[in-house]
Amino acid sequence: MTTNLTRRAFLQRLAILGAATPRVAPRRLRHAARLLPPVTVRIGVVEATPSSAAARARRLGLDLGADDAKHAAALFGGGVTLETLGASAIRGSGVAAIVGGSEPAECAALARAAQEAGVLYLNASCPSDALRGSDCRAAAFHVAPSDAMLRDALQQTHAPAGAVAVAWDGSLERFGADTLNARFRTHFHTDMDADAWGAWMAVKVLWESALRARAAGPSKLAAYLEHDTTQFDGYKGRALSFRSWDHQLRQPVYVFSSAGGAKKLLAEAPASPPGSDDPTRDVLDRLGTGAAQSPCRMQP
Amino acid sequence: MKRSLIRLGALLGALCGAWVPLQAQAAGYAFVSNELSHDVSVIDLASNKVVATIPVGGRARGIQVSPDQKRIYVATSDDKPNVQTEGDAIVAVDVATRKVVAHYRIGSDPEQFAVTPDGSKLYASNEDGGTCTAIDVRSGKYLATMVVGIEPEGVAVSPDGRWVFVTSETSNSVSIIDTRSNKVVDNLLVDLRPRAAAFTPDASRVFVTAEVGGTVTVINTRTHDIEKTISIEHGEGKPVGIAFSRDGRRVYVASGRTGTLSVLDAATYKTLATIPVGKRPWGVAITRDGRYVYTANGLSNDVSVVDTSTNKVVARIKVGERPWGVAIAR
């Protein structure tokens, strides 16, 4: 029987571990990143089966993310480090966040381990609704879209039988996706898939948060990720942000005609008619579980 | 007899002069880069008609007029990332003859670039390489490569030629280059997915559009402080192209995904008007007299012409495929 730490208890643990009270850079962006001491975010890579296709794809995404962070570090200092860890070695490792996992049970275990170790878990691949719902953790931030979001995408786009909804595909072109896909292909001679994008985005989220929040420790990073003005670019044309009630990254998803072979992009969800004025977050919240319906309780 | 012939000649000459049509004094030309049809459309501003289409041999994006108004430069690139090939170049077109007169090698995948005010140098962003490359345009000689952010795009040069600002879309950064040393002297963090940069005519500030952030960042050029972050369409705009009126009082911002042109007061930062134009307007340019703004609309394959005194669209002109940028030569 697991104990679900409340958000307050989680933050208290982080404070005990030496992190300062979270303060977040306001929306009016500070230029002063260049004048501050460089911040290096330590990221632990925890995979039960590192040789699986998904874990290997995640590794490539992490490596590209780390490469991008290194390039940004040439401008601003700091950067990220990736270190491979066993699940039992997370506590005391000094990492600020861990990434890994494909199977629901594995991801649930990583979320729990992160929570107990006082670090963050960036979920790059697991879509399970329970992980964001009844089994939610304050330490977990879900870059991968949930099963509920993928179901909504298929339904809202009236997708035919056999169609799949995914977070990313190597054939995407709009909103600069072609340049990210080209960069990935040039590095690794293979296409960026949803697992690779999820891992790349996890690194990007951590590195950019560290730069803007001017901190590399888990509690300040968590506070920044939760802040209501925080948003990120993921090459999907809209600003992406984490939902306060379940830490799910709001994002467009893509509906393809099939999972492999001669697949074709059928639609992007949620659909948004041109000239529509609806705020981005409201549009993106058409996919997945809303605050009122969410069984997740992360209240202090 | 001779004197009367001379008089007759003078009279005929005067009459011919009086019959010169009013449109003969053309207002200039708008040159539109077409990314997919690999050519440049030439629009006569007096008639708002396309009078020529010039093939430029590659994916055409950034487009600028030389300070002496005699040449148009277009950045062309190919599909081979991270390696400079024949398709990667800045192509020079003579405005009068509409002929391609030069190709300049300027690193891999040039997207946008700036021409220094004395016309002597080009600074181009190398999108797939994370660099900015400078060349001497008279000799074609390579001058320097500077490391900027990830996926650099917008390039703007100060009116005195001293500073070049380069935006980088993925690192959300602006790099500041001192052209005397060709070194990056500062890097700033701005809002999400910065695209274009433009100096105010008095050089006091640089405005940078953030496409995913939905804002325009205003940078003080002396202190490098961020003075203001202006929301475009309440933060839902997708600002890309930007152009100042010559007097610096108005700034025009093209928002791709929302298909609009926002008119801002450059001093108060207030939005004065939001004008629906074509689909995916990116490039924007203003006529020398400030009377008309032209937007290159990538997904409707046309150009919108906005009358700045009424803020209304007065013409739409079909151009090539996937129009990207527009530059105006008088």
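Here, every reference points to the structure presented above.
Thresholds applied
Residues numbered from 1 in each chain as written. Chains lettered and ligands numbered in written order. Predicted model: local features only at pLDDT ≥ 70, side-chain atom pairs only at ≥ 80, totals over all residues. Heavy atoms only, no water. Helix = DSSP H or I, 4+ residues; strand = E, 2+ residues; numbered from the N terminus. Buried < 20%, exposed > 50% of the residue type's maximum accessible area, 1.4 Å probe, protein only. Contact = heavy atoms within 4.5 Å. Areas by Shrake-Rupley, 256 points an atom, 1.4 Å probe, with all protein chains shown as cover. Expected span 1.5 Å × (residues − 1). Salt bridge = Lys/Arg side-chain N within 4 Å of Asp/Glu carboxyl O. Core = buried A, V, L, I, M, F, W, Y, C linked by side-chain atoms within 4.5 Å. Buried area = accessible area lost by both parts, 1.4 Å probe. Polar contact = N/O pair within 3.5 Å; in protein donor to acceptor, adjacent residues only side chain to side chain. Nonpolar A, V, L, I, M, F, W, Y, C, P; charged D, E, K, R; others polar. Pairing = 2+ DSSP bridges. Axes fitted to C-alpha atoms, helices over the stretch in contact; angles between N-to-C directions. Phe/Tyr/Trp six-rings, centres within 6.5 Å; stacked < 30°, edge-to-face > 60°. Lys NZ or Arg CZ within 6 Å of the ring centre and 35° of its normal. 1 Å grid on protein atoms, 1.4 Å probe; cavity = no way out; pocket = protein on both sides within 12 Å on 5 of 7 lines; lining within 4 Å. Points joined across faces, edges and corners; volume = space filled by probe spheres on them. Disulfide = S-S within 2.5 Å.

J.: I would appreciate a short explanation of the overall build of chain A in the present structure.
T.: Helix and strand counts for chain A stand at 9 helices and 10 strands. Counting every position in chain A, which comprises 300 residues, the buried fraction comes to 53%. When contacts within chain A are restricted to residue pairs at least 6 apart in sequence, long-range pairs at least 24 apart make up 67% of them. In the form shown here, chain A has an accessible surface area of approximately 12400 Å², with 53% of it arising from carbon and sulfur atoms.

J.: What is the right way to look at helix α3 (residues 104–117) of chain A in this model?
T.: Spacing of three or four residues puts side chains on the same side of an α-helix, whose turn is 3.6 residues. All names here are of chain A. For α3, spanning 14 residues, the distance from its first C-alpha to its last is 20 Å, which sits close to the expected 20 Å at 1.5 Å a residue. Of the positions making up α3, those classed as buried are Glu 106, Cys 107, Ala 108, Leu 110, Ala 111, Ala 114, Gln 115 and Ala 117. Of the residues one or two after α3, Gly 118 is the one with positive phi, at around 75 degrees.

J.: Explanation requested: the pattern of salt bridges in the structure shown.
T.: Two side chains that carry opposite charge are able to pair once their charged atoms sit near each other. What the rule picks out here adds up to 27 salt bridges over all chains. Two residues, Arg 137 of chain A and Asp 135 of chain A, come together in a salt bridge whose shortest N-O distance is 3.6 Å. Each of Glu 153, Glu 169, Arg 193, Arg 195 and Glu 211 of chain B takes part in one network of salt bridges that share partners.

J.: Explain helix α8 (residues 218–226) of chain A to me, please; I cannot follow it from the model alone.
T.: With 7 of 9 residues buried, α8 of chain A lies mostly within the body of the structure. Of all the positions in α8 of chain A, only Pro 218, Ser 219, Leu 221, Ala 222, Ala 223, Tyr 224 and Leu 225 of chain A are classed as buried.

J.: Please explain the nonpolar core as it appears in this structure.
T.: Soluble globular proteins tend to bury their nonpolar side chains together. Residues and elements named next belong to chain A. Leu 122, Met 192, Trp 197 and Met 201 are the most contacted members of the largest nonpolar core, which totals 54 residues. Top element by residues in this core is helix α7 (residues 194–213). It accounts for 13 residues. Ignoring anything within four residues of it in the chain, the contact list for Met 192 reads Leu 64, Trp 168, Asp 169, Gly 170, Leu 180, Asn 181, Phe 184, Trp 197 and Trp 200. The next biggest cluster of nonpolar side chains, apart from the first, holds 17 residues, and it includes Cys 107, Ala 108, Cys 126 and Ala 140.

J.: Teacher, can you tell me more about the interface of chain B and chain A here?
T.: Often, the extent of an interface is quoted as the loss of accessible area upon association of its parts. Facing 34 residues of chain B, the contacting portion of chain A comprises 37 residues. For the pairing of chain B and chain A, the buried interface totals around 3000 Å² over both sides, and the portion due to carbon and sulfur atoms is 51%. Per-residue buried area on chain B facing chain A is highest for Ile 150, Leu 189 and Arg 257 of chain B; these three make up 23% of the total on that side. Between Arg 257 of chain B and Glu 268 of chain A there is a salt bridge; the shortest N-O distance is 3.6 Å. The interface formed by chain B and chain A holds 10 residue pairs in polar contact (both at pLDDT 80 or more) in total. The set of elements that each furnish at least two residues to the side of chain B that touches chain A consists of β14 (173–178), β15 (183–189) and β19 (226–231) of chain B. Examining the composition of the side of chain B that touches chain A, we find that 4 residues originate from one element, β15 of chain B, more than from any other. In terms of residue class, the side of chain B that touches chain A is built from 11 nonpolar, 13 polar and 10 charged.

J.: Help me understand the sheet that holds strand β23 (residues 271–276) of chain B in this model?
T.: Through backbone hydrogen bonds, the strands of a sheet pair up, either in parallel or in antiparallel fashion. Residue and element names in this part refer to chain B. The 4 strands are arranged β20-β21-β22-β23 in an open sheet whose pairing can be described as antiparallel. Edge positions in the sheet fall to β20 (239–244) and β23, since each has one partner strand and no second. Recorded for the sheet is a direction-independent mean angle of 20 degrees between the axes of neighbouring strands. Here β20 pairs with strand β21 (residues 250–255) via 4 bridges, running antiparallel. Bridged to Ala 243 within β21 is Tyr 252.

J.: How do you make sense of the sheet that holds strand β6 (residues 164–166) of chain A when you look at a structure like this?
T.: Residues and elements named next belong to chain A. With antiparallel pairing, the 3 strands of this open sheet are ordered in space as β6-β9-β10. Edge positions in the open sheet fall to β6 and β10 (265–269), since each of these has one partner strand only. The mean inter-strand angle of the sheet, taken between neighbouring strand axes irrespective of direction, is 25 degrees. Pairing geometry for strand β9 (residues 253–256) and β10, over 4 bridges, is antiparallel. Bridging across to β10, Tyr 254 finds its partner in Glu 268. Packed onto the sheet, helix α5 (residues 147–156) meets β6, β9 and β10 and runs at close to 130 degrees relative to β6.

J.: Would you mind going over the environment of Arg 246 of chain B with me for this structure?
T.: Residue and element names in this part refer to chain B. Along the chain, Arg 246 turns up in the loop between β20 and β21. Separated by 41 residues in sequence, Arg 246 and Thr 287 have C-alpha atoms that sit 8.9 Å apart. When sequence neighbours within four positions are dropped, the list of residues in contact with Arg 246 reads Pro 201 and Arg 288.

J.: Would you explain the packing of aromatic side chains in this entry?
T.: The relation between two aromatic rings is expressed through the spacing of the ring centres and the mutual angle of the planes. For the coordinates displayed, the defined rule picks out 10 aromatic pairs over all chains. A ring pair is formed by Trp 282 of chain B and Trp 324 of chain B, whose centres lie 6.1 Å apart and whose planes are at 90 degrees; its orientation type is edge-to-face. Placement of the pair is Trp 282 of chain B in strand β24 (residues 281–286) and Trp 324 of chain B in strand β28 (residues 323–329), with a sequence separation of 42 residues. With respect to class, Trp 282 of chain B is no different from Trp 324 of chain B; both count as buried. Ring-pair connections join several aromatic residues into one group, and the members of that group are Phe 141, Phe 232 and Phe 242 of chain A. Above the ring of Trp 282 of chain B, the side-chain terminus of Arg 280 of chain B is found at 3.5 Å from the ring centroid.

J.: Would you take a moment to explain unusual backbone geometry for this structure?
T.: Of all residues except glycine, most have a negative phi; of all peptide bonds, most are trans. Looking along the chain, the bond that leaves Ala 269 of chain A and enters Pro 270 of chain A is cis, with omega of -5 degrees. Positive phi is not limited to glycine here, since His 224 of chain B has a value of about 65 degrees. Examined against the element boundaries, His 224 of chain B turns out to sit in the loop between β18 (215–220) and β19. Phi at Tyr 269 of chain B takes a positive value of approximately 70 degrees, unusual for a residue other than glycine. Tracing the chain through its elements places Tyr 269 of chain B in the loop between β22 (260–265) and β23. Overall, Tyr 269 of chain B belongs to the buried group, its relative accessible area being 14%.

J.: What is the right way to look at the layout of surface pockets in this model?
T.: Rolled over the atoms, a probe with the dimensions of a water molecule shows which regions are left empty. Residues and elements named next belong to chain B. By volume, the second largest pocket is sized at about 1400 Å³. At the level of elements, β4 (59–65), β8 (110–115), β12 (152–157), β16 (194–199), β20, β24 and β28 are the ones that each hand at least two residues to the lining of the second largest pocket. Ranked by residues supplied to the lining of the second largest pocket, first place goes to β28 with 6 residues.

J.: Before we go on, may I ask you to explain the state of the cysteines in this structure?
T.: Covalent bonding between the sulfur atoms of two cysteines is what defines a disulfide. Residue and element names in this part refer to chain A. Per the stated rule, a full pass over the model turns up 2 disulfides over all chains. The disulfide partner of Cys 107 is Cys 126, and the S-S distance across this bridge is 1.9 Å. Residues Cys 107 and Cys 126 are joined by a disulfide whose S-S torsion is about 70 degrees; by sign, that bridge is right-handed. Of this pair, Cys 107 sits in helix α3 while Cys 126 sits in the loop between β4 (120–123) and α4 (129–132), and the two are 19 residues apart along the sequence. Both residues of the pair, Cys 107 and Cys 126, count as buried. Between the sulfur atoms of Cys 136 and its disulfide partner Cys 296 the distance amounts to 2.1 Å. On the sign convention where negative means left-handed, the S-S torsion of about 90 degrees between Cys 136 and Cys 296 marks this disulfide as right-handed. Taken as a pair, Cys 136 in the loop between α4 and β5 (140–142) and Cys 296 in the segment after α9 (280–284) lie far apart in primary sequence, 160 residues in all. Once the disulfide-bonded cysteines of chain A are ranked by sequence position, their pairing pattern turns out to be 1-2, 3-4.

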